[in-house]
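Here is what each chain is made of, one letter per residue.
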Amino acid sequence: DSRNRRDGRCIDDLGTYNPFVDFSVGTSLNKDKAVDWMKKGAQPSQRVRSLFVKSGILERAEQKK
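Residues numbered from 1 in each chain as written. Predicted model: local features only at pLDDT ≥ 70, side-chain atom pairs only at ≥ 80, totals over all residues. Heavy atoms only, no water.

> Describe the overall build of the protein chain, listing the residues and the values that go with them.
Across its full length, the protein chain carries four helices and two strands. Along its sequence from the N terminus, the protein chain presents helices and strands in the succession β-α-β-α-α-α. Burial status across the protein chain gives 18% buried among its 65 residues. Counted over contacts in the protein chain with a minimum sequence separation of 6, partners at least 24 positions apart contribute 37%. (Helix = DSSP H or I, 4+ residues; strand = E, 2+ residues; numbered from the N terminus. Buried < 20%, exposed > 50% of the residue type's maximum accessible area, 1.4 Å probe, protein only. Contact = heavy atoms within 4.5 Å.)

> Give a description of the nonpolar core that names residues and reports values.
For soluble globular proteins, the rule of thumb is that nonpolar side chains tend to be buried together. One finds Ala34, Val35, Met38, Phe52, Ile57, Leu58 and Ala61 forming the largest nonpolar core, which totals seven residues. Elements with a contribution of two residues or more to this core: α2 (31-39) and α4 (57-64). In contact with Phe52, not counting residues within four places along its chain, are Leu14, Ala34, Met38, Pro44, Ile57 and Leu58. (Core = buried A, V, L, I, M, F, W, Y, C linked by side-chain atoms within 4.5 Å.)

> I'd love a proper account of α4, names of residues and values included.
Listed as buried for α4 are Ile57, Leu58 and Ala61. Buried positions in α4, seen along its axis, are confined to an arc of 95° and lie on one side of it. Exposed residues pointing more than 90 degrees away from the buried face of α4 are listed as Glu59 and Gln63. (Arc of directions from axis to C-beta.)

> Before we move on, could you go through the pattern of salt bridges and cite the residues and values that matter?
Under the criterion given, the structure shown has three salt bridges. In this structure, the salt-bridge partner of Asp32 is Arg60, at a minimum N-O distance of 2.3 Å. In this pair, Asp32 is assigned in helix α2 and Arg60 in helix α4, connecting sequence segments 28 residues apart. Here Asp36 and Lys40 are joined by a salt bridge, their closest N and O atoms 3.4 Å apart. With relative accessibility at 31%, the residue Asp36 sits in the partly exposed group. (Salt bridge = Lys/Arg side-chain N within 4 Å of Asp/Glu carboxyl O.)

Function cannot be inferred from these measures alone, as they are strictly geometric.
Here it is, written out as structure tokens:
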């Protein structure tokens, strides 16, 4: 269907990121949701992985395993 987005629909929204401002100001991530998805087997892309490292989500997900 041409009305749908090309890459599929979004499953869940984990937050927002604005690369044009400071990381602490331009980032709003739901850490609990992100860790939950990582526990379910989600594999972040390289860009998302770097954001998760900066925000401490990746470390938190590794501790929960």
